[in-house]
Amino acid sequence: MTRGLALLRTRPAALVALVIVVLVLAWALVPGLFTGQDPITGVPADKLQAPGAAHWFGTDHLGRDLFSRTVHGTSLSVRAALLAIGVALVAGSGVGLLAGFLGGPVDDALMRATDVLLAIPGLLLSLAVVTALGFGTVKVAIAVGVASVATFARVMRSQVLRVRHATYVEAARLAGAGRGAVLLRHVLPNAAGPVLALAAVELGAVILAVSALSFLGYGATPPTPEWGSLVAEGRDYLAVAWWYSTLPGLVIALFVLAVGVLGRALTRETRTDR
Amino acid sequence: MLAYVLRRLAGAVAVLWAAFTVSYLILYLLPSDPVAIMLDQGAGGERVDPERVAELRERYGFDQGPLQQYVTLLGRTLTGDLGTSISSGAPVSGLIADAFPETAKLAGLALALALVAGVGIALLASWTRAAWLRDLLLALPPLGVAVPGFWVGLVLLHLFSFTWFVFPAVGNEGFASLVLPTVTLAIGLAAVVAQVLSQGLREAWRAPYVETAFAKGSGRARVLGAHVVRNGSLPTVTVLGVLVGNLLGGTVVVETVFSRQGFGRLVENAVTTQDIPVVQGLVVVAAAVFVLTSLLVDLVHPLLDPRVLAGAHGRTGGGAR
């Protein structure tokens, strides 16, 4: 913890990033604290107003406050991203753990399978899953998660291979621990660090992928606000209302940038730990 | 050398077959009833004709077991028949062939621009000794990776089409309509190229041969050009396949933003109408593009780094990430 604080002091960028991430997470948890305006029903008389004191991000074509819609949309977008990471983390770690620990033909088969997942461009793989599952934020999140499974599987496998023949693992084996117990009690905890750091780094990419699918219209159904669909809604008003697409998109960009800065700082940490 | 080429060719075919299999698993086995999805979308809510259901079941082999279905589809795909679109009834291979040239133009230009920009940033950052310039240049790639492509496209549209009227907002007409989509598509890619290349160059600068070259009296520019670049650019070459694959994925968003016809737009339409045969055809074609690019990279790789051939008898590191 103290080392974490020192890291923030020596790296001002990480501090700024942390502030942004915490602020956005707070938007996701208690949106009502940051805006008192209704995200769903607008005041038609106030439609397409430029940003100002009354409406920080301006208003949309139905007179809804865009700052409020962005803040309220955060929860859905961030939860979708976390679900996607969860899917990739659990499925990918499972595959990597089994492949690395069992070795032999199981390892070969699982790794060839991840090669194939890597051969299909990520967005297209997600879109194929969306086609099969149907539309909606949860399905989009699962689809994005599926596209990242292979990356997690590879990193987990390489970590397991590193740990598998460590002295403490051999010792646990010799002391009579079963394969399952060794896997869960000794191999997994020691292999998890870099995989969790990868989750932090991938989070940014996942948010972008979820927003892209929601921008294409496969996410939440209107009028529910979601980051990507907010940008999409503004498309038809580009000529008259620059703020409509620009400001929600800027929030996505800043958040992804901040997550990336923190993720890289975390990766450096787990690397020096070894 | 021949053994190396043959092994790479066999690997490419295997990956392609596997990509077909994965897309089959996702698209035909994951939905509870693919025919229902197909008809649901094609009919637009009308009463579904039972004869049509039976016809589709037979056409796609759903009256048979999964294994037989799969073999039927694979056999057809091998003869170049990717099936027919549910929503338009047109052959999928024809749809893709029609859409591809426009997208190839866009993707090719974007790749060229991304390479020039990405390589330029990495080289300049590697060559300069001014700390502020290096920091500035190295701050660009994380920024480029973080901005959503669809957002960049809309901001560019707003500025250059609706405020200054420099470029047309929509369509496929002429070179002017290509500029904004190319820039939008290239930004993310350039950022990745710059990141991977500058990482490779940074490692190459630390190698002993750099010191040797300096000791023999070479200048900074010559050491960079003759030694560091040649060794430090290899990781960039190997990720090229992944980048071209991502490029095709990126066209889905970019072609939608700029209302261009092409591969990406076809994907967007097919997913929106849940047109399963078209989606599968597009996924297989995208995987083929990835596999061909990786194959090309694998074949060029020994020319840049002869050690690859020497090590080819042992482990082979794939072209992917």
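Small disclaimer: the values here were computed from a predicted structure and weren't measured.

Caption draft 1: Representation of the nonpolar core. With 132 residues, the main nonpolar core has L127 and L213 of chain A together with F150 of chain B as its most contacted residues. Looking at this core element by element, the count peaks at 15 residues for helix α8 (residues 179–215) of chain A. Shared between two domains, this core holds at least three residues of each, these being domain 1 (2–78) and domain 2 (92–272) of chain B. Excluding its chain neighbours within four sequence positions, the residues that come into contact with L127 of chain A are L213 and Y218 of chain A together with V252, V267 and V271 of chain B. Counting ten residues, the second-largest nonpolar core is a separate cluster that includes A122, W205, A213 and V223 of chain B.

Caption draft 2: Here's a closer look at the pattern of salt bridges. Residues and elements named next belong to chain A. Taken as a whole and judged by the stated rule, the model has twelve salt bridges over all chains. Taking the shortest distance from any N to any O, the salt bridge between R69 and E233 comes out at 3.4 Å. Here E233 lies in helix α9 (residues 227–233) and R69 lies in helix α3 (residues 66–102), a separation of 164 residues in the sequence. The pair R69 / E233 is uniform in exposure class, with both members buried. R157 is the partner of D107 in a salt bridge, and the nearest nitrogen-oxygen pair spans 2.7 Å. One end of the pair, D107, is in helix α4 (residues 104–119); the other, R157, is in helix α6 (residues 137–164), and 50 residues separate them in sequence. Each of D60, R64, R69 and E233 takes part in salt bridges that share partners, so that together they form one network.

Caption draft 3: Inspection of the packing of aromatic side chains at higher detail. The tally for this structure, following the rule as stated, stands at 15 aromatic pairs over all chains. Their ring planes at 90 degrees and their centres at 5.6 Å tell us that W27 of chain A and F67 of chain A sit as a pair that is edge-to-face. Of this pair, W27 of chain A sits in helix α2 (residues 12–29) while F67 of chain A sits in helix α3, placing them 40 residues apart in sequence. No difference in accessibility class separates W27 of chain A from F67 of chain A, as the two residues are buried. With a centroid separation of 5.7 Å and an interplanar angle of 85 degrees, the aromatic rings of F100 of chain B and F263 of chain B are classed as edge-to-face.

Caption draft 4: A look at unusual backbone geometry. Backbone torsion omega between P222 of chain A and P223 of chain A reads 5 degrees, so that peptide bond is classified as cis. Considering the arrangement of structural elements, one finds P223 of chain A in the loop between α8 and α9. Its identity as a non-glycine residue notwithstanding, S259 of chain B has a phi of 50 degrees, on the positive side. Mapped onto the fold, S259 of chain B is located in the loop between α12 (240–257) and α13 (263–272). Judged by relative accessible area, which is 25%, S259 of chain B ranks as partly exposed. With a phi angle near 50 degrees, Q274 of chain B is a residue other than glycine that sits in the positive phi range. Position of Q274 of chain B among the secondary structure elements: in the loop between α13 and α14 (276–304). Given the relative accessible area of 9%, Q274 of chain B is considered buried.

Caption draft 5: Seen up close, the domain arrangement of chain B. On domain assignment, one finds that chain B holds domain 1 (2–78) and domain 2 (92–272). Computed over C-alpha atoms, the centres of domain 1 of chain B and domain 2 of chain B are 34 Å apart.

Caption draft 6: Looking closely at α13 of chain B. Of all ten residues in α13 of chain B, eight are buried; the element is thus mostly enclosed. For α13 of chain B, the full list of buried residues reads F263, G264, R265, L266, V267, E268, A270 and V271 of chain B. Taken together, the buried residues of α13 of chain B touch α5 (122–133) of chain A together with α5 (92–127), α12 and α14 of chain B.

Caption draft 7: Representation of the interface of chain B and chain A within the structure. In this assembly, 43 residues from chain B lie in contact with 41 residues from chain A. Here chain B packs against chain A, burying approximately 3,700 Å² in sum over the two surfaces, 78% of which is carbon and sulfur. At the junction of chain B and chain A, the tally comes to zero salt bridges. Between chain B and chain A we count seven residue pairs in polar contact (both at pLDDT 80 or more) in total. Broken down by secondary-structure element, the contributors of at least two residues to the side of chain B that touches chain A are α1 (2–29), α6 (131–146), α7 (149–163), α12, α13 and α14 of chain B. Sorting elements by how many residues they give to the side of chain B that touches chain A places α7 of chain B first, with seven residues. Looking at the side of chain B that touches chain A residue by residue, the class counts come to 34 nonpolar, seven polar and two charged.

Caption draft 8: Looking closely at the confidence of the model for chain A. This prediction gives chain A a mean pLDDT of 86; 95% of its residues lie at or above 70. Confidence scores differ between elements of chain A, with helix α1 (residues 2–10) of chain A showing the lowest mean pLDDT of 63 and α3 of chain A the highest of 92.

Caption draft 9: Up close: a nonpolar patch on the surface. Nonpolar side chains collect at one region of the surface, where L15, L18, V19 and V22 of chain A lie side by side and expose about 320 Å² of accessible area between them. When you line up the elements, L15 of chain A lands in helix α2.

Caption draft 10: Highlighting the environment of L98 of chain A. All names here are of chain A. With respect to the helices, strands and loops of the structure, L98 is situated in helix α3. On the basis of relative accessible area, L98 is assigned to the partly exposed category, the value being 42%. Distance in space between the C-alpha atoms of L98 and A153 is 9.4 Å, their sequence separation being 55 residues. The residues touching L98, leaving out its near neighbours within four places in the chain, are G103 and L110.

About the cut-offs
Residues numbered from 1 in each chain as written. Chains lettered and ligands numbered in written order. Predicted model: local features only at pLDDT ≥ 70, side-chain atom pairs only at ≥ 80, totals over all residues. Heavy atoms only, no water. Core = buried A, V, L, I, M, F, W, Y, C linked by side-chain atoms within 4.5 Å. Buried < 20%, exposed > 50% of the residue type's maximum accessible area, 1.4 Å probe, protein only. Helix = DSSP H or I, 4+ residues; strand = E, 2+ residues; numbered from the N terminus. Domains from an automatic or database assignment. Contact = heavy atoms within 4.5 Å. Salt bridge = Lys/Arg side-chain N within 4 Å of Asp/Glu carboxyl O. Phe/Tyr/Trp six-rings, centres within 6.5 Å; stacked < 30°, edge-to-face > 60°. Buried area = accessible area lost by both parts, 1.4 Å probe. Polar contact = N/O pair within 3.5 Å; in protein donor to acceptor, adjacent residues only side chain to side chain. Nonpolar A, V, L, I, M, F, W, Y, C, P; charged D, E, K, R; others polar. pLDDT = per-residue confidence, 0-100. Patch = residues over 30% accessible without salt bridge, like charges linked within 9 Å, V, L, I, M, F, W, Y side chains within 5 Å. Areas by Shrake-Rupley, 256 points an atom, 1.4 Å probe, with all protein chains shown as cover.

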